Amino acid sequence: MKSVTMSIGVALVCASLASAASKPDVVFHLFQYPGGYNTYLQGVSNNNIGAGYYTDGSNVAHGFIVLDDVFEQIDYPNAQDTFLYGVNSSGTAVGWYATATAVFAFSYSNGTFTPVGPPGCVNSYAYGINDLGEMAGECQTATAIQGWTFDGTSYQTVMVSGSYFSYATGINMSGVATVIWAYPNGNVQSSLYNGTSFTTIDLPGEGLTYAWGLNDAGDVVFNWDHGTQDYGAVLLNGTYKTFEVPNCVNPIAYGINDRNVVVGACFEHSAGKEFGFYATH
């Protein structure tokens, strides 16, 4: 691991969230990992620790944690690629690493890597972690693609009845998880799962909706696929608000915290690269 210091304030621009109810300003900050090629900011804790990954000139992925403009590079030992997706306020991050033959979920804290995920997975992914250390992710077996949550002691399978695949992407302090799923030959849909039942939260009028994370208030970040273009959206206080990142296309929002911060990634035209972004609303 190594730490790198840089100023994140590369670009300060304003846009409006599109909403029938209100249009509050949101300030977007774009940044690149120092020396990296593409940068993806995947998660943010309630004390504004960020987690994500960047790719280098050889297209190798490296995880990172960032706080107060100081980056720590995270590489799982002997892995081909390392990806971080979620982080909590204690600085524990979750993600996965790739070998030549499989993908394995892990958590990382203070220099220590710990395997996570239910037994029996051919490939496993960890996407989200809350401040209690509860986690959410995906398990691929020989016969199914199903989500999982972990309460610190045991794993629970998350599978929408009749779905072709289901995976859990985020989890808040109430134990509510965001779930992305689809029926065979059907559109991708999103739900909230409270441990016993699912509540659909698809973006109205859109057929391909991906809910990537949520905060403790129950606000959810989405992206949706509309033909060849991706768009971002936030469900705030029960109201869906779409957004665009100035000078970027295909914005995908992956994380949201309780301090009005949304994080994600988008393709910046002039640089021809993926940039991480964080936005305050």
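Computed from a predicted structure; not experimentally measured.

I'd like a description of the sheet that holds strand S8 (residues 81-87), backed by residues and values.
Reading across the sheet, the four strands line up as S8-S9-S10-S11 and stay open at both edges, with antiparallel pairing between neighbours. The strands lining the two open edges of the sheet, one partner per strand, are S8 and strand S11 (112-115). For this sheet, the mean angle separating the axes of adjacent strands, direction not counted, is 30°. Pairing between S8 and strand S9 (residues 93-98): six bridges, direction antiparallel. Its bridge partner lying in S9, Leu84 is registered against Gly95.

Residue-level account of the environment of Phe113, with values.
Counting through the fold element by element, Phe113 comes out in strand S11. Sequence-wise, Phe113 and Val94 are 19 residues apart; in three dimensions their C-alpha atoms are separated by 9.4 Å. Excluding its chain neighbours within four sequence positions, the residues that come into contact with Phe113 are Ile74, Asp75, Tyr76, Pro77, Phe106, Ser107 and Tyr108.

So what's going on with the nonpolar core? Which residues, and what values?
The nonpolar side chains of soluble globular proteins are, as a tendency, buried together. Among the nonpolar cores identified, the biggest contains 20 residues, and Tyr85, Trp96, Tyr127, Ile180 and Trp212 are the most heavily contacted of them. Residues within four places of Trp96 in sequence aside, it is in contact with Asp81, Thr82, Phe83, Tyr85, Val103, Phe104, Ala105, Phe106, Ser124, Tyr125, Ala126 and Tyr127. Formed by 16 residues, the second largest nonpolar core is a distinct cluster that contains Val26, Leu30, Val262 and Phe275.

Provide a residue-level description of the confidence of the model for the chain, including the pertinent values.
Mean pLDDT over the chain: 90, with 91% of residues reaching 70 or higher. Low pLDDT (under 50) marks residues 1-24, which in the prediction has 70 contacts with non-local residues, meaning those over four places away or in another chain.

Give a description of the state of the cysteines that names residues and reports values.
Enumeration according to the criterion identifies two disulfides in this entry. A disulfide bridge connects Cys121 with Cys139, and the sulfur atoms are separated by 2.1 Å. One disulfide, between Cys121 and Cys139, carries an S-S torsion of -120° and so falls in the left-handed class. In this pair, Cys121 sits in the loop between S11 and strand S12 (123-129) while Cys139 sits in strand S13 (residues 135-140), placing the two residues 18 residues apart along the sequence. Along the chain, the cysteines engaged in disulfide bonds are linked according to the scheme 1-2, 3-4 when indexed in sequence order.

Describe in detail the environment of Ser89, supporting the description with residues and values.
Tracing the backbone shows Ser89 in the loop between S8 and S9. In this structure the C-alpha to C-alpha distance between Ser89 and Tyr254, which are 165 residues apart in sequence, comes to 17 Å. If near-sequence neighbours (up to four positions away) are discounted, Ser89 is found in contact with Ser45, Asn46, Asn47, Ile49 and Asp131.

Any details on the side chain of Ser190? Residues and values, ideally.
With respect to the helices and strands, Ser190 occurs in strand S18 (residues 188-193). A relative accessible area of 0% means that Ser190 is categorised as buried. Looking at Ser190, its side chain comes within polar contact range of the main-chain nitrogen of Ala211, at 2.9 Å. Setting aside residues up to four positions removed in sequence, Ser190 forms contacts with Val179, Ile180, Trp181, Thr199, Thr200, Ile201, Asp202, Thr209, Tyr210, Ala211 and Phe222.

An account of the sheet that holds strand S23 (residues 239-243) is requested, with residue identities and associated values reported.
Strand order in the open sheet formed by four strands is S20-S21-S22-S23, and the pairing between neighbours is antiparallel. Strands at the two margins of the open sheet, each flanked by one partner only, are strand S20 (209-214) and S23. Neighbouring strand axes in the sheet, compared pairwise and without regard to direction, differ in orientation by 25° on average. Note that S20 and strand S21 (residues 220-226) share five bridges and pair antiparallel. Looking across to S21, one finds that Thr209 is bridged to Trp224.

Quick rundown of the pairing of strand S22 (residues 229-236)? Include the residues and the values.
In terms of residue burial, S22 counts as a mostly covered element, since six of its eight residues are buried. Bridge count between S21 and S22: seven bridges; the pairing is antiparallel. Bridge assignment links His226 to a residue of S22, and that residue is Gln229. As consecutive antiparallel partners, S21 and S22 are separated by two residues, and within that stretch Gly227 has a phi angle of approximately 75°, a positive value. Note that S22 and S23 share five bridges and pair antiparallel. Note on S23: the bridge partner recorded for Val234 is Lys241. Between S22 and S23, which pair antiparallel one after the other, the connecting turn spans two residues, and Asn237 there sits at a positive phi close to 50°.

Procedures and definitions
- Starting afresh in each chain, residues are numbered from 1 along the sequence in its written order.
- Where totals are concerned, whole chains, interfaces and linings use all residues; where local detail is concerned, this predicted model gives features only for residues with pLDDT of at least 70, and gives and counts side-chain atom pairs only at 80 or more.
- Just so you know, side-chain values use all the structure's heavy atoms and leave hydrogens and water out.
- At least two DSSP bridges between two strands are needed for those strands to be called paired.
- Runs of E in the DSSP output that reach at least two residues are strands. Runs of H or I that reach at least four are helices, and both are numbered from the N terminus.
- Comment: axis = line fitted to C-alpha atoms, over the contacting stretch for helices; angle = value between 0 and 180 degrees taken between N-to-C directions.
- The contact definition used throughout considers only heavy atoms, calling two residues in contact when any of these lie within 4.5 Å.
- Nonpolar cores are built from buried Ala, Val, Leu, Ile, Met, Phe, Trp, Tyr and Cys residues. Side-chain atoms within 4.5 Å join them into one set.
- Relative accessibility thresholds used throughout: buried, under 20% of the residue-type maximum; exposed, over 50%; partly exposed, between the two (1.4 Å probe, protein chains only).
- Here pLDDT means the predictor's own confidence in every residue, given as a number from 0 to 100.
- Criterion for a disulfide: a pair of cysteine sulfur atoms within 2.5 Å.
- Polar contacts, as counted here, are pairs of nitrogen or oxygen atoms within 3.5 Å of one another; within protein the pair requires one atom able to donate a hydrogen and one able to accept it, and residues that are adjacent in sequence qualify only if both atoms are side-chain atoms.

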